[in-house]
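Here are the chains, one letter per residue:
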Amino acid sequence: MKSKKYKKSYRHELKYFINQGDYMLLSNALRRTMDADENADGYGEYHIRSLYFDDPFNTAFAEKFSGVDHRFKVRIRIYGLSDSVIKLERKEKDNGFISKQSIKLSRNECDMLIAGDYEFLLNRPEPFAHEMFREFATNLLKPCVIVDYVREAYTFPVEDVRITFDKDIRTAFRSTDIFNKHLPTYPALSGFDMVLEVKYNRFLPVHIRSLIQIASPIRSAASKYVYCRRYEL
C-alpha cells in the first residue's frame, strides 16, 4: 500500500549575527509589537537541545558549509531537557526557502533511533515516518552532534512571522546523550553574542522590517549546526 503524500509548506528564513546591544534594542521593541512565544518561561525563554544526524560522508555538513542551494538536515529535538516532547524533524532548505516536517517520538522510539534501530518508523501511520525510514536506511544516518541554546521568541499573526533570539549556543564534544542534564557543553560562537532568525510566509510586514534594520544585525548563513559541528570533525 502506498503512503499518502503530504504537502510541504515553504517559508522565508533570514539569519543574522547580533550583539548584546542590538539585542537589547530589538527585543525591547518586539515586546511592544509582537506576542511572546506561549511556551516561554517567566523570563520569556525556553531551552532547546537538538541531536543532529549525518551520513558516513558528512554530507549534511559539507552541503551546508559549501552553501548548496537544496539540502536537508535531520535532527531529534527536545525542550527543557525533558522527554515529554520529543520530535524527529527534517529541515529542508531550497534557494532561500525552508520547509520543516516532524513527528513526535516516544522516549523508547528516540532511544532506538539514536542506537541505529529505525525499523519502528515503518509501523508508524504517518507518511513522513515512512519517508524518514527510507532516509535512514538509504543514507545510513547516525547521530553526530548536540546543539544547545536558549531561545527567546516572538510571533505576529500577519504572514505567520516568527522572530527568535538564540542565545548561549553550546555543543557537547562527541556525545549523543541528549537527555543528560549534566552533560558538559562549551560555547560554539566566538565574536558574536547570539543568532537572530526571522521566518515568515510571503512578505515581512513593513514595521517589523524597519525594526530589524534599526538594530543593524549582520546578515549571515549563521548555522548553529555548522558552528557546533566544526569541533567534531
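In what follows, the accompanying structure is described.

Reading the values: rules and limits
Residues numbered from 1 in each chain as written. Predicted model: local features only at pLDDT ≥ 70, side-chain atom pairs only at ≥ 80, totals over all residues. Heavy atoms only, no water. Helix = DSSP H or I, 4+ residues; strand = E, 2+ residues; numbered from the N terminus. Rg over C-alpha atoms; globule rule 2.2 N^0.38 Å. Buried < 20%, exposed > 50% of the residue type's maximum accessible area, 1.4 Å probe, protein only. Contact = heavy atoms within 4.5 Å. Areas by Shrake-Rupley, 256 points an atom, 1.4 Å probe, with all protein chains shown as cover. Polar contact = N/O pair within 3.5 Å; in protein donor to acceptor, adjacent residues only side chain to side chain. Axes fitted to C-alpha atoms, helices over the stretch in contact; angles between N-to-C directions. Parallel < 35°, antiparallel > 145°, perpendicular 65-115°, else oblique. Left-handed = near helix turned anticlockwise from the far one by under 90°. Nonpolar A, V, L, I, M, F, W, Y, C, P; charged D, E, K, R; others polar. Arc of directions from axis to C-beta. 1 Å grid on protein atoms, 1.4 Å probe; cavity = no way out; pocket = protein on both sides within 12 Å on 5 of 7 lines; lining within 4 Å. Points joined across faces, edges and corners; volume = space filled by probe spheres on them.

Here we look at the overall build of the protein chain
The secondary structure content of the protein chain amounts to six helices and 11 strands. Computed over its C-alpha atoms, the radius of gyration of the protein chain comes to 18 Å, within 12% of the 17 Å expected for a compact globule of 233 residues. Reported as C-alpha extents along the three principal axes, the dimensions of the protein chain are approximately 50 × 40 × 35 Å. Relative to its full complement of 233 residues, the protein chain shows a buried share of 49%. Taking all contacts inside the protein chain whose residues are at least 6 apart in sequence as the whole, residues at least 24 apart take part in 70%. Of the roughly 11,900 Å² of accessible surface on the protein chain, 53% is carried by carbon and sulfur atoms.

Quick look at the side chain of aspartate 54
Of note, aspartate 54 is situated in strand β3 (residues 45-54). Of the polar contacts made by the side chain of aspartate 54, one reaches the side chain of arginine 229; its length is 2.9 Å. Those residues in contact with aspartate 54, other than ones at most four positions away along the chain, are Thr59, Ala60, Phe61, Leu140, Leu141, Lys142, Cys144, Tyr225 and Arg229.

Points about the packing of helix α1 (residues 20-33) against helix α5 (residues 206-215)
Relative orientation of the contacting elements α1 and α5 amounts to 160°, with a least axis distance of 9 Å. The orientation of α1 with respect to α5, classified from their angle, is roughly antiparallel. You can see that α1 and α5 cross each other, and the crossing is right-handed. Where α1 approaches α5, its residues Asp22, Leu25, Leu26, Ala29, Leu30 and Thr33 are matched on the opposing element by His207, Leu211, Ile212, Ile214 and Ala215. Partitioned by chemical class, the residues of the contact of α1 with α5 number eight nonpolar, two polar and one charged.

Let's talk about helix α3 (residues 107-114)
For α3, the complete set of buried residues consists of Glu109, Cys110, Leu113 and Ile114. Taken end-on, α3 shows its buried residues confined to a sector of 135°, consistent with a single buried face. Buried residues in α3 make contact with β3, β4 (70-79), β5 (82-94), β6 (97-105), α4 (127-139) and β7 (142-156). Just past α3, the residue glycine 116 takes up positive phi, approximately 95°.

Points about the layout of surface pockets
The calculated volume of the largest pocket comes to roughly 880 Å³. Along its surface, the largest pocket is lined by 35 residues, and Arg77, Tyr79, Lys100, Arg151 and Arg162 are the ones closest to its centre. Listed by contribution, the elements that provide at least two residues to the lining of the largest pocket are β1 (11-18), β3, β4, β5, β6, β7, β10 (194-200) and α6 (224-229). In terms of residue class, the lining of the largest pocket is built from eight nonpolar, seven polar and 20 charged. The volume enclosed by the second largest pocket comes to roughly 160 Å³. Only β3, α2 (59-66), β4 and α4 provide two or more residues apiece to the lining of the second largest pocket. When its residues are assigned to classes, the lining of the second largest pocket shows five nonpolar, two polar and five charged.

Observations concerning empty space enclosed by the protein
If you walk through the whole model with that rule in mind, you get one cavity of 30 Å³ or more. The computed volume of the largest cavity comes to approximately 100 Å³. Forming the boundary of the largest cavity are 10 residues, of which Lys64, Arg71, Lys73, Lys91 and Lys93 lie nearest the centre. Elements with a contribution of two residues or more to the lining of the largest cavity: β1, β4 and β5.

Examining unusual backbone geometry
Unusually for a residue other than glycine, aspartate 168 sits at a positive phi of about 50°. Mapped onto the fold, aspartate 168 is located in strand β8 (residues 161-172). Under the relative-accessibility criterion, aspartate 168 is labelled partly exposed at 45%. Non-glycine residue arginine 174 carries a positive phi angle of around 50°. Looking at where arginine 174 falls in the secondary structure, it is placed in the loop between β8 and β9 (186-187). The class for arginine 174 is exposed, based on a relative accessible area of 56%.

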